[in-house]
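# Inside the fold
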Amino acid sequence: MREDGAKRAVAGVVVKVLVHRREDRGMRLEPFASRCVRSGEVHELVTTDHGETAAGSRIDRVGFLGFLEVSAAGVIDRGDELCVEGQPVGTVLGFDACHVPNHYNILVRTAVPRTGPELGLRPEQRVVFRPAANGG
């Protein structure tokens, strides 16, 4: 049964760049394949080379990109592509809620965990989560 239809991209801007990485972070994937985000919310972008998507999977190897402010409400789904200034960064692996209600950690799968400076991130750059090619 197909549940997902077309959706708009979720856009935002970088509000803070993060510069560190961890090999022992201990994040846990939430059991949800999508999360709704509201205009003005701030969420953290974290890269990882982990590929597990099962609820509770432990995510240790991470690179911290930074925080983004959401420009308009939408839905971010596992598999959405993250782009910064039009350049692909990786795909959404899932979400960690250790800081909720303050913010979600949006986990982005990349070949190697990367930090904000490694990707040349700067405040005010445009960030977009594009829907997966298969429509969800």
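Preceding this paragraph is the structure being described.
Notes on the structure follow. Please read all numbers here as calculations on a predicted model, not as lab measurements.

A few words on the pattern of salt bridges. Overall, the coordinates contain nine salt bridges when judged by the stated rule. The shortest N-O distance in the salt bridge between arginine 21 and glutamate 118 comes to 2.4 Å. Of this pair, arginine 21 sits in strand β2 (residues 21-22) while glutamate 118 sits in the loop between β11 (105-109) and β12 (126-130), and the two are 97 residues apart along the sequence. A salt bridge links aspartate 24 to arginine 22; its shortest N-O distance comes to 2.9 Å. The exposure class assigned to aspartate 24 is partly exposed, which follows from its relative accessible area of 46%. Each member of the salt-bridge network shares a partner with another, and the members are Lys7, Asp77 and Asp80.

The element strand β7 (residues 62-70) is extensively covered by neighbouring structure, given that eight of its nine residues are classed as buried. Across two bridges, the pairing between β2 and β7 is antiparallel. Opposite arginine 21, over in β7, you have glycine 63 as the bridge partner. Pairing of strand β5 (residues 42-48) with β7, which is carried by seven bridges, proceeds in the antiparallel orientation. Across the sheet, threonine 47 pairs through a bridge with glycine 63, a residue of β7.

Moving on, we come to the side chain of threonine 115. Tracing the backbone shows threonine 115 in the loop between β11 and β12. Once residues within four sequence positions are removed from consideration, threonine 115 is found in contact with Leu18, Val19, His20, Arg21, Gly63, Phe64 and Leu65.

Analysis parameters
- Residues numbered from 1 in each chain as written.
- Predicted model: local features only at pLDDT ≥ 70, side-chain atom pairs only at ≥ 80, totals over all residues.
- Heavy atoms only, no water.
- Salt bridge = Lys/Arg side-chain N within 4 Å of Asp/Glu carboxyl O.
- Helix = DSSP H or I, 4+ residues; strand = E, 2+ residues; numbered from the N terminus.
- Buried < 20%, exposed > 50% of the residue type's maximum accessible area, 1.4 Å probe, protein only.
- Pairing = 2+ DSSP bridges.
- Contact = heavy atoms within 4.5 Å.

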